[in-house]
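Listed below are the residues making up each chain.
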Amino acid sequence: MELFGLQDMALFGASYAGVTQQPQWTSDDPVSLTEQLQTSLDLAEQLEIFSMAAGKVLPLRSLQLQTAVGKYLASGSEPAESEHRSMLMLNDQCLAELCYQSEHPVTPMQQHQLWQLERQWLYPLRNTLVVARLQQLALRDSLTSLGNRRHFDDQFAKALQLAHRRNEDCALILLDLDNFKHTNDNYGHHAGDDVLLAVADAMRQTLRASDGLFRFGGDEFAVVLSAEDAACAELVAHRLVKAINQHHQCQQFEVTASAGLAQLTPGEQAATLFARADDALAQAKLAGKNAVKVSLLNQA
């Protein structure tokens, strides 16, 4: 049975999993669980609220929520010997699956109490999944399903902020297709769309995680690399260009790719890093296309 929603994504947040050692649940709390869950439209936050209530039923060591829009693991969770899984169903539709882990097997009474709690989550969960689905649609390119420019701006800013705070590497790769206009002009936009889909597929296959892949529109793409991936960004750029150039759909229309790369420097702002990567891309085009150029610090 399929879960409600779109593709996976990971979110994290604070949790109450693993903190309750003496299970004690009472149904006469002044604020109901449903009311608490309705205070947020964020799945990670709802999981924390629910985990606090579930922790009063049994001593939780781990709690995981799996939906079609992502997996959410309560922070503080750690593996335990006993596992209990429950499907959250509403009107014959599977919204999610919950996985509880505890040191001891869940008793029938505890299963019943958890089921009562889960019933209170169904409508808040359904509403939040609808919002998450709409948010994903708003941040995805309609053709390739890569992140769009709006998503790029948000994730690029977050990546730089995190890199500065943790003193980690961060890199930006900008890619532009060579001879793509020739494909559209001579074979039509359907052929152009096929090439763009091929490029997106080649990029996904090359990168370990595709969360940092974006399409600006037209034949322009961007890749944001953080931490360990950013340390080998030039190698990644060459692999991306090679994967695109060797894709049979691109070879059919003689489409290749050029890339410009810039590594984040201490204190550098997003606009400056983007400009350096864009200048490097322009150099790759001037060098005869089908190339990778790296922005050097003395060129900034």
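See the structure above.
Now for a description of the structure that goes with this document. Given the structure is predicted, the values throughout are model-derived calculations rather than measurements. (Residues numbered from 1 in each chain as written. Predicted model: local features only at pLDDT ≥ 70, side-chain atom pairs only at ≥ 80, totals over all residues. Heavy atoms only, no water.)

1. Overview of the overall build of the protein
Heads up, the rule is: The helix and strand labels rest on DSSP assignments: H or I over at least four residues marks a helix, E over at least two residues marks a strand, and numbering proceeds from the N terminus. Note on classification: 1.4 Å probe, protein chains only; a residue is buried when its accessible area is under 20% of the maximum for its type, exposed when over 50%, partly exposed between these limits. Whether two residues are in contact is decided by their heavy atoms: any pair within 4.5 Å suffices. Surface accessibility follows the Shrake-Rupley procedure with a 1.4 Å probe radius. Residue values consider only the protein chains on display as shielding.
Tallying secondary structure elements over the protein gives 10 helices and 10 strands in all. Counting all 300 residues of the protein, 46% fall into the buried class. Considering only intrachain contacts with a sequence separation of at least 6, the fraction spanning at least 24 residues in the protein is 70%. For the protein, the exposed area adds up to about 15,800 Å²; of that, 49% sits on carbon and sulfur atoms.

2. Digging into the packing of helix α6 (residues 189-206) against helix α8 (residues 233-246)
Where we set the bar: All axes are obtained by fitting lines to C-alpha atoms, using only the stretch in contact for helices, and the reported angles, taken between N-to-C directions, cover 0 to 180 degrees. Orientation labels follow simple angle bins: below 35 degrees gives roughly parallel, above 145 gives roughly antiparallel, 65 to 115 gives roughly perpendicular, and whatever is left gives oblique. Helix crossings get a hand from a simple test, with the near helix turned counterclockwise from the far one by less than a right angle marking a left-handed crossing and a clockwise turn marking a right-handed one. In the scheme used here, Gly and all other residues not listed as nonpolar or charged are polar, with Ala, Val, Leu, Ile, Met, Phe, Trp, Tyr, Cys and Pro taken as nonpolar and Asp, Glu, Lys and Arg as charged.
Close contact between α6 and α8 brings their axes to 9 Å; oriented N to C, the two are set at 135 degrees. As summarised for this structure, α6 and α8 are arranged oblique, according to the angle between their axes. In terms of crossing hand, the pair formed by α6 and α8 is right-handed. Mapping the contact onto sequence places Val199, Ala202, Met203 and Thr206 in α6 and Arg239, Leu240, Ala243 and Ile244 in α8. Residue classes in the contact of α6 with α8 are distributed as six nonpolar, one polar and one charged.

3. Remarks on the pairing of strand β8 (residues 220-226)
Worth spelling out the cut-off: One bridge is not enough; two strands pair if DSSP finds at least two bridges between them.
Most of β8 is tucked away, with five of its seven residues classed as buried. Examined bridge by bridge, strand β6 (residues 170-178) and β8 share seven bridges and lie antiparallel to one another. Within the sheet, the bridge partner assigned to Leu172 lies in β8 and is Val224. One ladder, built from four bridges, connects strand β7 (residues 213-217) with β8; its direction is antiparallel. What sits directly across from Phe214, in β8, is Ala222. Linking two consecutive strands that pair antiparallel, namely β7 and β8, is a turn of two residues; a positive phi of about 65 degrees is found at Gly218 within it.

4. Topic: the sheet that holds strand β9 (residues 256-263)
As summarised here, the arrangement of the five strands in space is β7-β8-β6-β9-β10, forming an open sheet in which the pairing is mixed. Two strands lie at the open edges of the sheet, namely β7 and β10 (292-294), each paired on one side alone. Looking at each pair of strands side by side, their axes are set apart by 20 degrees on average, direction ignored. Looking at chain direction, β6 and β9 are connected through eight bridges and run antiparallel. By the bridge assignment, Ile173 is partnered in β9 with Leu261. Contacts between helix α4 (residues 149-166) and the sheet are confined to β6, β7 and β8, with β7 contributing the most and set at about 135 degrees to the helix. Its contacts with the sheet place α8 against β6, β8, β9 and β10, and it is angled at close to 20 degrees to β6.

5. Quick notes on the packing of aromatic side chains
The criterion, for reference: Within 6.5 Å between ring centres, the rings of Phe, Tyr and Trp (the latter by its six-membered ring) count as paired, and their orientation is classed by plane angle as stacked under 30 degrees, edge-to-face over 60, tilted in between. For a Lys NZ or an Arg CZ to count as sitting over a ring, it must be within 6 Å of the ring centre and within 35 degrees of the ring normal.
Under the definition given, this model contains seven aromatic pairs. Look at Tyr187 and Phe253: their rings are 5.0 Å apart centre to centre, the planes differ by 70 degrees, and that puts the pair in the edge-to-face class. A residue pair is termed long-range when its members are at least 10 positions apart, and Tyr187 in helix α5 (residues 180-187) and Phe253 in the loop between α9 (248-252) and β9 qualify at 66 residues. An aromatic cluster is built from Phe152, Phe156, Phe214, Phe216 and Phe274, whose rings are joined through pairwise contacts. Its guanidinium or amino end placed over the ring of Phe216, Arg149 lies 4.5 Å from that ring's centre, counting from NZ or CZ.

6. Remarks on the pattern of salt bridges
A side chain with one charge can pair with a side chain of the opposite charge if their charged atoms come near. What counts here: Throughout this description, the term salt bridge denotes a Lys or Arg side-chain nitrogen within 4 Å of a carboxyl oxygen of Asp or Glu.
In total, this model carries 11 salt bridges according to the counting rule given. Arg61 is paired through a salt bridge with Glu103; the nearest N and O atoms lie 4.0 Å apart. Here the residue Arg61 occupies a position in strand β2 (residues 60-67), and Glu103 occupies one in the loop between β5 (93-102) and α3 (108-138), the gap between them amounting to 42 residues. With a relative accessible area of 16%, Arg61 lands in the buried category.

7. Thoughts on the packing of α5 against α6
Closest axis-to-axis distance for the α5/α6 pair is 7 Å, and the angle between their directions is 145 degrees. In this structure, α5 uses Phe180, Thr183, Asn184 and Tyr187 to contact α6, whose residues at the interface are His189, Ala191, Gly192, Val195 and Leu196. The class makeup of the residues in the contact of α5 with α6 is five nonpolar, four polar and no charged.

8. Brief notes about unusual backbone geometry
Residue Ser145 is not a glycine yet carries a positive backbone phi of 70 degrees. On the secondary structure map, Ser145 appears in the loop between α3 and α4. Backbone geometry at Glu254 places phi at a positive 55 degrees, although glycine is not the residue there. Position of Glu254 relative to the elements: it lies in the loop between α9 and β9. Take Glu254: its relative accessible area is 59%, and that puts it in the exposed class.

These values are about where atoms sit, not about what they do.
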